[in-house]
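What follows is each chain in one-letter form.
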Amino acid sequence: MATPTGTETASVIEGGFKQPVQLDEHIIEIVSDSGEGAQKCGQTFGSISGKMGNGVWTVEIIPAEIQPPARSPAGASGIRIRLGCRYMTNMGDEADLAVAFNEQVLYSRIANGAYKEGTIVLLENKWATDPQEEIREAYATAVGEFRNNGLIVHELPMEEECLKLTSNPRKGKNMFALGMLAQIYARDVDKCLAEIAQTFSRKGDKVIQANQDLFNAGCAFAAEQIEYHFRVPPYTTDMSKPTIITSGNQAVGLGVMAAGMELVSMYPITPATSASHYVAEVFQNVGGFIHQAEDEIAAISFAIGASYAGKTACTITSGPGVALKTEMIGLAVMAEIPLVIVDVQRGGPATGLPTKVEQADLLSAIYGAPGDAPKVVIAAATIEECLHFVILARKLAEAFRTPVILLTDANLATGVQPYPRPQIKEEWFTAPVDRSAWDEHVPPYDWDPETGLSPRPIPGQRNGEYVLTGLSHTRRSKVAYDSDTNQVTHKMRSRKLAALLKTLKPPKVHGDDEGDLLVVGWGSTMGAIEEAIDHLREDGKRVSYLHLRFLSPLEPGLKEIFSRFKKVMTVEINYSDDLKDPLIDEESRRYAQLAILLRAKTLVDVDCWSVVYGHPLQPGMIYKVISDRLKKQNN
Amino acid sequence: MFGLKADWSLEVFERYFTLGNYAGGEARWCPGCGDLGVLNTVHRVMRDAQMLPEKSVVVSGIGCSSRLPHYVGTYGLHGLHGRALPLANGVKSRRPDLDVWVGTGDGDCFSIGAGHWIHAVRYNMDMVVLIFDNGIYGLTKKQTSPTTPIGASTNTHPTGAFLPPLNPLTITLGITNVSFVAQVPDWNPPLLYETIKAAHQHKGTGFVRILQRCPVFSPDFCKPYQENPEQMLLLTHENGIPMDPGVKRLFPEHQEHDPQNWVEAMELARDQVKLPVGLLYYDPDAAVYNDQSAQGLDTTNEEKLTALNAALDRFAI
Ligand SMILES: Cc1ncc(C[n+]2csc(CCOP(=O)(O)OP(=O)(O)O)c2C)c(N)n1
Ligand code: SF4
Ligand SMILES: [Mg+2]
């Protein structure tokens, strides 16, 4: 997408201005072989920029293999930082500037469409003089190709400069690069030095000093050798409002603690694991315990056991883990045990794309259980919501005596963003149950006939003794196979979702309340879709966006909202058939997952556009797709 | 004992529990089913220990034997097939004040729940684990279980089970951090009582394999031992299961066995000719996972708030 920012950048390069250039936003990538600290460099840069009042979105570039060979396209490891003078909600389109420690890793980024004509590349030049002829040749070829493709390549002796300070530049080059970027983008040097001190605080003063020296050297080098001076002004001058900057998985971990979870029971699975890593690091400070179970089934069983015994519990996993937990989720539905299940979605099916984003667990989250198993399913749209929705999930689980599945995804999990620091309220984390005696006249499932809701006895409460069972059971939790009991208890469990729905307000439309096209989405794609919609609206297009956070039950009022648009379509990261493909017609076409739900719910002919490229949707891409649809629609 | 405090307070007196307090729904097992004897014994052990009914939880999986919680008047958790142990571990994890009992069948524990079996023994959480081993899938009507004897005819192997049966004792003994392994037939009530009581008093996972009669689907599983008690070897020791001379008399074969002698326990467990009965192994010092998992229970809201704010501080900009 050609944004005004893009053209401005290009003019800088052509002119080689020394004057600082004011920008609305800039996208920076740092790419290297894995183990060269590119991610640490980018995270530090991102959090300094956040501290300076910029909108920031950071996302890691993860190599396809665990131990990729050095200097290979498959090994591209690194980070992207999108920096702006407004709140950032997604990773954006092509990068404006890249720092690369070797030329090969750039190939995979180029293949991913990460760069455009005019992208500035600051490239390590030591390969030009490598003792091995093949490497020298490969380097020369690549630089030629990059230039032919319109990249502005600057070959820089980063390693040589670092060698003046350290014998192991592989470990220090990242801080040198940070210094260069700090100079180019006029970052506050004191803040940078403090951030470096914090990053290496565990490693002692010597290491901190060494890294600060490298940083200073990077600054000095850039000041002398690099012509670019970019200024991305802050979007908030009000830095008094407390702000935190976290990844989505750290936000989940904070949410787990703020929600008063006493137990996290998990089995490692990418991309969910880092949430548990964070919890494991700090959980004991709030008195919590993390249990690494022998498998996902054991993990959820353990959590259900704890919840049955009156302790707030959750399990954190990804799609394949949810699949294994399915039978137990059914038990929690049947026996009405509150439980929070966080599903950090990845690409599927089977082992799929473990580190990549997808939104394809929606239907299995809602329907993937034997029998009718109504449960609450919600999805976080932002990193901030990753935190708050765990708290919401716990409240819903307890109030509605049900498991709640919270969907996030790999994009949110690894994205890093500043957001308002939550003002923790004691009610969020207070333990749920009192231990006083239970009224013996009240059965363990005292369903309110209208709402299906009922209070829950907890072991330890006198006169509340009952046997939880996954078999069909009466109000007294007695096994009952008769037809009426089964019919009525299904009603009671289902009714709870209706009761929850009645408490929800219709979602707000982003843009006008009526128009030619309404785009509907859910989860982490919100930021990118809204950005695209905003551009389209600036172009005069009559298009709006509707974002859904409650997927089960679906938010109210949808049919009415849809009726005000000529056409409705979803945009999602999951697979759907393309009508242009062989054999695919209205009859054979398989729709995207939210589209299936909406079509069934509203009987509106909801269209969809969805892809499974394994990366987050980018605003430019969505802009193009929707423009095309509008063109077709208006013809 | 008997729930009496030294001050003889009325409250305590009022809360003397009889067998009736531990009775649940009417047991629906077949006449002659070994589960009935185990149930009565559980009631008696609970009564004699005066366990608070509201603080006891009986957890099970799925199977005939897993109906156990429905027949006990305490709290109960009748879970899913194979998952009794992780459910029970979860119950105990943050509620060490609860007295946790597990009832599980040979299919439930040794087949579908086999992974959990290994890990639960290693976690060694403080609970009683009763395995109702009838050498068959009872509830689903006579399919081969891991402990079905070779050649026994079942509905899934009508011409006889192919494989030698799995030995639950050697496996359990082989698990690191195992702390209590006993074996007992259901048809000897005094020995059953003493064995379950010892498992209950043990701090850690008291693993009791019960040879359980299923006259309907696997009558031949226990019959050899019922008819020829000399095929069993009674393990005696001052640190073993207490037993009076009357019980000993019923077992022609005895052996003095120190339950802290793991090597000898393994040898006894491997013996396919004489089935060891009594306490095979006991380690009072094995690590107990709920000592770890229950840490932090006394954290106050104030401390939590402080810790939460400290956690947020780390991300503050
Ligand atoms: C996931 C699942 N698979 C299979 C079953 C069917 N099933 C119920 S009980 C059982 C076997 C029970 O055998 P065992 O554990 O030995 O208990 P017993 O009935 O002999 O006491 C089976 C296969 C089930 N309930 N759930
Ligand atoms: S089938 Fe066997 S195990 Fe099941 S209740 Fe009847 S006798 Fe007992
Ligand atoms: Mg059995």
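In what follows, the structure referred to is the one given above.
Computed from a predicted model, the values in this text were never measured in an experiment. (Residues numbered from 1 in each chain as written. Chains lettered and ligands numbered in written order. Predicted model: local features only at pLDDT ≥ 70, side-chain atom pairs only at ≥ 80, totals over all residues. Heavy atoms only, no water.)

1. Examining the overall build of chain B
Then, in step 1: Assigned secondary structure in chain B consists of 13 helices and nine strands.
Then, in step 2: For chain B, the C-alpha radius of gyration of 21 Å lies close to 20 Å, the compact-globule estimate for 317 residues.
Then, in step 3: By principal-axis analysis of the C-alpha atoms, chain B measures approximately 70 × 55 × 40 Å.
Then, in step 4: For chain B, contacts bridging at least 24 residues in sequence account for 67% of all contacts bridging at least 6.
Then, in step 5: Working note: accessible area of chain B is about 12,900 Å², and carbon and sulfur atoms make up 54% of it.
Then, in step 6: In chain B, which carries 25 positive and 33 negative side-chain charges, the distance between the mean positions of the two groups comes to 6 Å. (Helix = DSSP H or I, 4+ residues; strand = E, 2+ residues; numbered from the N terminus. Rg over C-alpha atoms; globule rule 2.2 N^0.38 Å. Contact = heavy atoms within 4.5 Å. Areas by Shrake-Rupley, 256 points an atom, 1.4 Å probe, with all protein chains shown as cover. Lys, Arg positive; Asp, Glu negative; His and termini not counted. Charge placed at Lys NZ, Arg CZ, Asp CG, Glu CD.)

2. Digging into the site of ligand 1
Then, in step 1: Around ligand 1 sit 17 residues, and of these B:Cys64, B:Ser65, B:Asp106, B:Gly107 and B:Asp108 come closest.
Then, in step 2: Site remark: ligand 1 is flanked by residues from chains A and B.
Then, in step 3: Between ligand 1 and B:Ile136 there is a distance of 3.0 Å, counted from an oxygen atom to a backbone nitrogen or oxygen.
Then, in step 4: Across the complex, the protein chains shield 77% of the 580 Å² of accessible surface that ligand 1 would expose by itself.
Then, in step 5: It is helix 5 (residues 106-112) of chain B that contributes the most residues to the shell around ligand 1, four residues altogether.
Then, in step 6: Counted by class, the shell around ligand 1 contains six nonpolar, eight polar and three charged residues. (Near = heavy atom within 4 Å. Polar contact = N/O pair within 3.5 Å; in protein donor to acceptor, adjacent residues only side chain to side chain. Nonpolar A, V, L, I, M, F, W, Y, C, P; charged D, E, K, R; others polar.)

3. Observations regarding empty space enclosed by the protein
All names here are of chain A.
Then, in step 1: For the coordinates displayed, the defined rule picks out seven cavities of 30 Å³ or more.
Then, in step 2: Space inside the largest cavity adds up to approximately 90 Å³.
Then, in step 3: Looking at the largest cavity, it is lined by 14 residues, and the ones nearest its centre are Ser307, Thr312, Ala313, Pro338 and Glu398.
Then, in step 4: Elements supplying a minimum of two residues to the lining of the largest cavity: strand 13 (339-345) and helix 14 (383-399).
Then, in step 5: At three residues, helix 14 tops the list of elements feeding residues into the lining of the largest cavity. (1 Å grid on protein atoms, 1.4 Å probe; cavity = no way out; pocket = protein on both sides within 12 Å on 5 of 7 lines; lining within 4 Å. Points joined across faces, edges and corners; volume = space filled by probe spheres on them.)

4. Some words on the interface of chain B and chain A
Then, in step 1: In this assembly, 53 residues from chain B lie in contact with 63 residues from chain A.
Then, in step 2: Summed over both partners, the interface of chain B with chain A buries about 5,000 Å², with 64% contributed by carbon and sulfur atoms.
Then, in step 3: The largest per-residue losses of area from chain B upon contact with chain A belong to B:Tyr75, B:Phe315 and B:Ile317, which jointly make up 17% of the total buried on that side.
Then, in step 4: At the boundary of chain B and chain A, one finds three salt bridges.
Then, in step 5: At the boundary of chain B with chain A, the tally comes to 25 residue pairs in polar contact (both at pLDDT 80 or more).
Then, in step 6: For the side of chain B that touches chain A, the secondary structure elements donating two or more residues are strand 2 (75-78), helix 4 (84-93), helix 6 (114-123), helix 12 (289-293) and helix 13 (301-315) of chain B.
Then, in step 7: Among the elements that line the side of chain B that touches chain A, the one with the most residues is helix 13 of chain B, at 12 residues.
Then, in step 8: Looking at the side of chain B that touches chain A residue by residue, the class counts come to 22 nonpolar, 19 polar and 12 charged.
Then, in step 9: Across three bridges, strand 17 (residues 467-469) of chain A lies against strand 2 of chain B in parallel orientation. (Buried area = accessible area lost by both parts, 1.4 Å probe. Salt bridge = Lys/Arg side-chain N within 4 Å of Asp/Glu carboxyl O. Pairing = 2+ DSSP bridges.)

5. Side note on the packing of helix 9 (residues 248-258) of chain A against helix 13 of chain B
When two helices pack together, their arrangement is given by the angle between the helix axes and by the axis-to-axis distance.
Then, in step 1: Interaxial distance between helix 9 of chain A and helix 13 of chain B falls to 10 Å at its minimum, and their mutual angle equals 165°. With respect to each other, helix 9 of chain A and helix 13 of chain B are oriented roughly antiparallel. Where helix 9 of chain A crosses over helix 13 of chain B, the handedness of that crossing is left-handed. Counted together, A:Gln250, A:Leu254, A:Met257 and A:Ala258 of helix 9 of chain A and B:Leu308, B:Ala311, B:Leu312, B:Arg314 and B:Phe315 of helix 13 of chain B form the full contact between these two elements.
Then, in step 2: Class assignment of the residues belonging to the contact of helix 9 of chain A with helix 13 of chain B gives a composition of seven nonpolar, one polar and one charged. (Axes fitted to C-alpha atoms, helices over the stretch in contact; angles between N-to-C directions. Parallel < 35°, antiparallel > 145°, perpendicular 65-115°, else oblique. Left-handed = near helix turned anticlockwise from the far one by under 90°.)

6. Considerations on the site of ligand 2
Then, in step 1: What surrounds ligand 2 is the set B:Trp29, B:Cys30, B:Cys33, B:Cys64, B:Asn134, B:Gln212, B:Cys214, B:Pro215, B:Val216 and B:Phe217.
Then, in step 2: Its residues placed into classes, the shell around ligand 2 shows eight nonpolar, two polar and no charged.

7. Notes on the packing of aromatic side chains
Residue and element names in this part refer to chain A.
Then, in step 1: For the structure shown, the criterion picks out 15 aromatic pairs over all chains.
Then, in step 2: Consider the rings of Tyr185 and Phe230, whose centres lie 5.6 Å apart with planes at 45°: the pair is tilted. Linking Tyr185 in the loop between helix 6 (169-184) and helix 7 (189-199) with Phe230 in strand 8 (residues 230-231), this pair joins segments that are 45 residues apart in sequence.
Then, in step 3: A residue is classified by how much of its surface remains accessible, and Tyr185, at 1% relative accessible area, is buried.
Then, in step 4: Given the relative accessible area of 0%, Phe230 is considered buried. (Phe/Tyr/Trp six-rings, centres within 6.5 Å; stacked < 30°, edge-to-face > 60°. Buried < 20%, exposed > 50% of the residue type's maximum accessible area, 1.4 Å probe, protein only.)

8. Examining the layout of surface pockets
Then, in step 1: If you add up the space inside the largest pocket, you get close to 1,600 Å³.
Then, in step 2: Along the walls of the largest pocket sit 44 residues, with A:Lys40, A:Gln43, A:Glu60, A:Gln250 and B:Arg314 positioned nearest its centre.
Then, in step 3: For the lining of the largest pocket, the secondary-structure elements that each account for two or more residues are helix 2 (38-51), helix 7, strand 9 (243-247), helix 9, helix 10 (273-282) and helix 15 (410-414) of chain A together with helix 13 of chain B.
Then, in step 4: Of the residues forming the lining of the largest pocket, the biggest block, seven residues, is contributed by helix 2 of chain A.
Then, in step 5: Across the lining of the largest pocket, the residue classes break down as 13 nonpolar, 21 polar and 10 charged.
Then, in step 6: Taken domain by domain, the makeup of the lining of the largest pocket includes at least three residues from each of domain 1 (6-231) and domain 2 (245-421) of chain A. (Domains from an automatic or database assignment.)

9. Considering helix 14 of chain A
Residue and element names in this part refer to chain A.
Then, in step 1: Helix length check: helix 14 (17 residues) gives 25 Å between terminal C-alpha atoms against 24 Å at 1.5 Å per residue, within 8%.
Then, in step 2: When the local axis directions of helix 14 are compared, the greatest deviation, roughly 30°, occurs at Phe389.
Then, in step 3: Taken together, the buried positions of helix 14 are Ile383, Glu385, Cys386, Leu387, Phe389, Val390, Ile391, Ala393, Arg394, Leu396 and Ala397.
Then, in step 4: In the segment just after helix 14, Arg401 is the residue with positive phi, at about 50°. (Expected span 1.5 Å × (residues − 1). Bend = angle between axes of the 7 residues up to and from the residue.)

10. Quick notes on the state of the cysteines
Residues and elements named next belong to chain B.
Then, in step 1: Applying the stated criterion across every chain, the model contains zero disulfides over all chains.
Then, in step 2: Here Cys222 is not cross-linked by a disulfide; its sulfur's nearest cysteine counterpart is in Cys214, at 9.0 Å.
Then, in step 3: Given the relative accessible area of 3%, Cys222 is considered buried. (Disulfide = S-S within 2.5 Å.)

11. Some thoughts on the sheet that holds strand 21 (residues 550-552) of chain A
Residue and element names in this part refer to chain A.
Then, in step 1: Strand order in this open sheet of seven strands is 11-10-12-13-15-14-21, and the pairing throughout is mixed. In this open sheet, the two strands that pair with only one neighbour each are strand 11 (289-292) and strand 21. Adjacent strand axes in the sheet meet at a mean angle of 20° when their direction is disregarded.
Then, in step 2: Two elements, strand 14 (residues 376-379) and strand 21, share two bridges in a ladder whose sense is antiparallel. Paired with Ile378 across the bridge in strand 21 is Phe550.

12. Focus on the coordination of the magnesium ion (ligand 3)
All names here are of chain B.
Then, in step 1: Looking at the metal site, the magnesium ion (ligand 3) is ligated by Asp106 (OD), Asn134 (OD1) and Ile136 (O), spaced 2.0 to 2.2 Å from it.
Then, in step 2: For the magnesium ion (ligand 3), the donor residues sit on a single chain with the sequence spacing D-x27-N-x1-I. Taken together, the positions of Asp106 in helix 5 and Ile136 in the loop between strand 4 (127-133) and helix 7 (168-173) put the pair 30 residues apart, joining distant regions of the chain.
Then, in step 3: You can call Ile136 buried: its relative accessible area is 4%. (Donors = N, O, S within 2.8 Å, 3.2 Å for Na, K, Ca; no water.)

All quantities given are derived from atomic positions and should not be read as evidence of function.
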